[in-house]
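These are the residues of each chain, in order.
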Amino acid sequence: MNKVKDLSDAEKRQLLKQLLARNEKKTERVLNPVRSAGSTNDPTSFNDFAGFKMLQEQAEIFQTLALKNPYFCVHEGISDHVTHFEGKKYINYSGYNYLGLSGHPEVSAAAKNAIDQYGTSVSASRIVSGEIPLHAELEQALAEIHDTEAAVALVSGYATNVSVISHLFGPKDLIVHDALIHNSVITGCILSGAKRLAFPHNDWNALDQMLQENRREHERVLIIIEGVYSMDGDIADLPRFIEIKKQHQCLLMVDEAHAAGVIGPRGYGSHDHFGIKGSEVDIWMGTLSKSFASCGGYICGTKALIDNIKYNAAGAILFSVGISPANTAAALAAARIMQREPERAARLRANSELFIERARENQLDTGDASGTGVIPIITGNSVLCLKLGQYLSDRGIYVHPILYPAVPESAARLRFFITCNLTGEEVIYTVDTLAAAMRTLKAN
């Protein structure tokens, strides 16, 4: 690998292809981290775990292409529409501070005041002695935003899906989810013991057919979709899925992680976007780390659903510490700003529409982007994707490449998170620089 600079572009692409192929074969072993098959190395050494070996091969890719490792870059301040690394300013598309509320003076002050009053931890699970008044206030605001009877806030967005799905459903049940659903949902489905089926992305006709063939064999059936999909930025046709869930007597869960605070006239998410009642969906799930400028997850729904989770869900409440005072207060302050300032979501969507329009004028592939907070620029080529990311970084634009196994190799992309504080000038500069980079790199 000392002579990588002497390789031609064709040779570099071939080497990268070989490395990706080797990684693909190892993916299943990474998901189940045990020693590599047939290994003769020390069984007590973590160097022999498949996941670590994949990281070593990934490092070879970066070295081969003479690129910096794009992961674990250290922010030197607030991650908003601009950020700083190593003393350099970047236009920032790498974070989902959608409404610019992380770093907002009101949100920061609320977190500081909560620490002064309640400390840095609630120091227990909420059901035992970890409850503080801010928890109920936040949950009331979340229920208002999602138009539901009640809500519960939890310490982790990922763990919310894992613990709630695995608690509510079991071996007699069926869970049917979109093929592009988040990993946390899949993990929750597996732990539940329920039968799991995936339908093609956003294909409600395929879902209908699956339910016709499988519904009668199961006690309960849960359909799971996302309001806005985190890789493509497209919006699920929620009214169609509601029709199907009613027709087949199923429950419907919608993950609003990238929808809440973004879509709808008020920015309240999918129910706001489509003008439907919150009660049309059985389980609303969301995260507090994006529009709500905090950390954690939540579930909204009927009081019966929320009480079941609060008193019985082991991973959610019983054996997990309550969300911290600072995070609770920050999310509550962000929720209140969201409610009184819908123009923040409107600015985000305007920025997204400008980005997409400019990108398509420059023949850039934005996939199924729908004017939300997520816009992919699909390259279909990991080498090109990595080089584009470096090219943009060198010109003060920070965006992450998304490669296999997060997406298929043919769908390799740069994923741009759009936020409300971006200026039109920043968006135009970004897209024009990206288009120039694409032309230059493809020509070479």
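Being a predicted model, the structure only gives us computed values, none of them experimental.

S.K.: Tell me about the domain arrangement of the chain, and please be specific about residues and values.
M.R.: As far as domains go, the chain holds domain 1 (75–98 + 373–443) and domain 2 (105–338). Each of domain 1 and domain 2 has a C-alpha centre, and these two points are 29 Å apart. Taken together, the contacts link 12 residues of domain 1 with 10 residues of domain 2. Across the domain 1 to domain 2 interface the summed buried area is about 920 Å²; carbon plus sulfur atoms make up 58%.

S.K.: An account of the packing of aromatic side chains is requested, with residue identities and associated values reported.
M.R.: Using the criterion set out here, one finds 11 aromatic pairs in the structure. Sitting over the face of the ring of tyrosine 96, lysine 290 holds its NZ or CZ atom 4.4 Å from the ring centroid.

S.K.: Tell me about the sheet that holds strand β10 (residues 374–378), and name the residues and values.
M.R.: Strand order in the open sheet formed by 3 strands is β10-β13-β12, and the pairing between neighbours is antiparallel. Only two strands of the sheet have a single partner each, and these edge strands are β10 and β12 (400–402). Put simply, the sheet's adjacent strands are angled 35° from each other on average, direction ignored. As judged from the 3 bridges shared by β12 and strand β13 (residues 413–417), these two strands associate in the antiparallel manner.

S.K.: Provide a residue-level description of the pattern of salt bridges, including the pertinent values.
M.R.: Here the structure, examined in full by the defined rule, presents 15 salt bridges. Residue lysine 245 is joined to aspartate 282 by a salt bridge in which the shortest nitrogen-to-oxygen separation is 3.0 Å. Remark: aspartate 282 occurs in the loop between α10 (270–274) and β8 (283–287) and lysine 245 occurs in helix α9 (residues 238–247); sequence separation between them is 37 residues. Assessed through its relative accessible area of 10%, lysine 245 is described here as buried. Classification of aspartate 282 as partly exposed rests on a relative accessible area of 22%. One salt bridge in this structure joins arginine 266 and aspartate 272, with 3.1 Å as the shortest N-O distance.

Rules and cut-offs
Residues numbered from 1 in each chain as written. Predicted model: local features only at pLDDT ≥ 70, side-chain atom pairs only at ≥ 80, totals over all residues. Heavy atoms only, no water. Domains from an automatic or database assignment. Contact = heavy atoms within 4.5 Å. Buried area = accessible area lost by both parts, 1.4 Å probe. Phe/Tyr/Trp six-rings, centres within 6.5 Å; stacked < 30°, edge-to-face > 60°. Lys NZ or Arg CZ within 6 Å of the ring centre and 35° of its normal. Pairing = 2+ DSSP bridges. Helix = DSSP H or I, 4+ residues; strand = E, 2+ residues; numbered from the N terminus. Axes fitted to C-alpha atoms, helices over the stretch in contact; angles between N-to-C directions. Salt bridge = Lys/Arg side-chain N within 4 Å of Asp/Glu carboxyl O. Buried < 20%, exposed > 50% of the residue type's maximum accessible area, 1.4 Å probe, protein only.

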